[in-house]
Amino acid sequence: MAGEKAGEVAGETVGAADDAVIRVRGLVNRFGAQTVHEGLDLDVRPGEILGVVGGSGSGKSVLMRSIIGLQQPNEGSIEVFGRQVTGTDATEDPELTRRWGVLFQGGALFSGMTVAENCQVPLREYFRLSEPLMAEIAAYKVAMVGLPPEAAPKYPSELSGGMRKRAALARALALDPQLLFLDEPTAGLDPIAADGFDTLIGTLAQTMQLTVFLITHDLDTLHAICDRVAVIADRRIIAVDRIEALVQLDHPWVREYFSGPRGRAAASAQKGGRAAASAQKDGRAAATPQGARGHTLEEA
Ligand SMILES: Nc1ncnc2c1ncn2[C@@H]1O[C@H](COP(=O)(O)OP(=O)(O)OP(=O)(O)O)[C@@H](O)[C@H]1O
Ligand SMILES: [Mg+2]
């Protein structure tokens, strides 16, 4: 790779890891005359929650789709759990694909199926299980994401937006994945629901020892649960680091995003947010931090 990029030493990938769960090298994605990615490199480390940020249309969802094999890149290589997924049929291999779960942008559930039936879709795809066992697993997943048992027989249209997100998460977790992809999981949620969802993801990631690839616009989510944050700009990952280090980066988009009014509000509310999260863990009522999510409401 020629040239030195922000936060990167020439010839080395930012934050490269020997034991990366996801390794992307030299990724190129083009749609007609539009180049979305050009020489994008990224390593996702085992057990981390990696936030992925970038402007709208910068190629976050296309990156995720490339990693899970829904988008064939023009160039480059992607390894997941050490398996090459580009130019191979690895993403057709259930031994690989059942190790990950995906919550797509918009959280699409099958509208003609109940929550329980939605959770059973991946189970039917990969296993032959008895109906009672599948019902039991679905009920367990529904409980795991904090939905009441009454939600299981409901159709998505009968749920609130926040409950739908949780149901989509339950489906993503159906196969007990080691790797979870989340594309804008808190978009459209009110501040309290978004805080609750962040706490849920953080807790599940810890208890299930998940590696999480989390695309978000939500600064509060980044502050609350991400171990590192990767920034997509100029068709590549320009930096991957802890959020405290990223805010120092001299790049126009990064400056505007992290140091604009919303970025400052999220940073200053960070303490309040963490206190709220730990209060929730302790079973106490969690107050929504003032000045944090209030600033991100129109983001969705
Ligand atoms: N299948 C496709 N065909 C043509 N263009 C596409 C396709 N998928 C994505 N694009 C284009 O690629 C660019 C990146 O899209 P992508 O969905 O990855 O953006 P994003 O960073 O996820 O944005 P947002 O934050 O709004 O979700 C956009 O300009 C989009 O129009
Ligand atoms: Mg997107």
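Residues numbered from 1 in each chain as written. Chains lettered and ligands numbered in written order. Predicted model: local features only at pLDDT ≥ 70, side-chain atom pairs only at ≥ 80, totals over all residues.

1. What about the packing of helix α3 (residues 115-126) against helix α5 (residues 161-172)?
At a closest axis distance of 8 Å, the pairing of α3 and α5 adopts a crossing angle of 30°. With respect to their mutual orientation, α3 and α5 come out roughly parallel. Note that α3 runs across α5; the crossing there is right-handed. On the side of α3, the interface is formed by Val115, Asn118, Cys119, Val121 and Pro122, while α5 contributes Ala167, Ala170 and Arg171. A breakdown of the residues in the contact of α3 with α5 according to their chemical character gives 6 nonpolar, 1 polar and 1 charged. (Axes fitted to C-alpha atoms, helices over the stretch in contact; angles between N-to-C directions. Helix = DSSP H or I, 4+ residues; strand = E, 2+ residues; numbered from the N terminus. Parallel < 35°, antiparallel > 145°, perpendicular 65-115°, else oblique. Left-handed = near helix turned anticlockwise from the far one by under 90°. Contact = placed C-beta atoms within 7 Å. Nonpolar A, V, L, I, M, F, W, Y, C, P; charged D, E, K, R; others polar.)

2. A short note on the confidence of the model for the protein chain
On average, residues of the protein chain carry a pLDDT of 86, and 85% of them reach 70 or more. When the criterion is pLDDT under 50, residues 274-291 qualifies, and its contacts beyond four places in sequence or with other chains add up to 26 contacts. Of the regions scoring below 50 in pLDDT, residues 295-300 engages in 14 contacts with residues more than four places distant in sequence or in other chains. (pLDDT = per-residue confidence, 0-100.)

3. Overview of the pairing of strand β4 (residues 75-80)
As paired elements, strand β1 (residues 22-31) and β4 share 5 bridges and run antiparallel to each other. The residue bridging Ile22 from the neighbouring strand is Val80, located in β4. Inspection of the sheet shows β4 paired to strand β5 (residues 83-84) by 2 bridges, in the antiparallel sense. Along β5, the bridge assignment pairs Glu79 with Gln84. What sits between β4 and β5 in their antiparallel hairpin is a turn of 2 residues, with Phe81 showing a positive phi close to 50°. (Pairing = 2+ DSSP bridges.)

4. A few points about the site of ligand 1
In the vicinity of ligand 1, the residues found are Phe31, Val36, Gly54, Ser56, Gly57, Ser58, Gly59, Lys60, Ser61, Val62 and Gln105. For the shell around ligand 1, the element with the highest residue contribution is helix α1 (residues 60-67), accounting for 3 residues. Grouping the constituent residues of the shell around ligand 1 by class yields 3 nonpolar, 7 polar and 1 charged. (Near = placed C-beta within 6 Å.)

5. What about the environment of Arg98?
Looking at where Arg98 falls in the secondary structure, it is placed in the loop between α2 (94-97) and β6 (100-103). Taking the C-beta count within 10 Å as the criterion, Arg98 has 17 such neighbours and is therefore assigned partly exposed. Sequence separation of Arg98 and Leu123 is 25 residues, and the distance between their C-alpha atoms is 9.6 Å. Look past the residues within four positions of Arg98 in its chain and what remains in contact with it is Tyr126 and Leu175. (Buried ≥ 20, exposed ≤ 12 C-beta atoms within 10 Å, placed from the backbone.)

6. Here's the deal with α1
Counting buried positions over the 8 residues of α1 gives 6, a clear majority of the element. Along α1, the residues that are buried comprise Lys60, Val62, Leu63, Met64, Ser66 and Ile67. Immediately downstream of α1, the backbone of Gly69 shows phi near 85°, a positive value.

7. Comments concerning unusual backbone geometry
Even without glycine at this site, Phe81 takes up a positive phi of about 50°. For Phe81, the location among the structural elements is in the loop between β4 and β5. On the basis of neighbour counts, which here come to 18 C-beta atoms within 10 Å, the residue Phe81 falls in the partly exposed class. At Glu184, a residue that is not glycine, the phi angle is positive and equals roughly 55°. By the secondary structure assignment, Glu184 is in the loop between β7 (179-183) and α6 (191-207).

8. Side note on the sheet that holds strand β2 (residues 34-44)
The sheet built from 4 strands is open, its strands ordered β2-β1-β4-β5 with antiparallel pairing. Unpaired on one side and paired on the other, β2 and β5 mark the two borders of the sheet.

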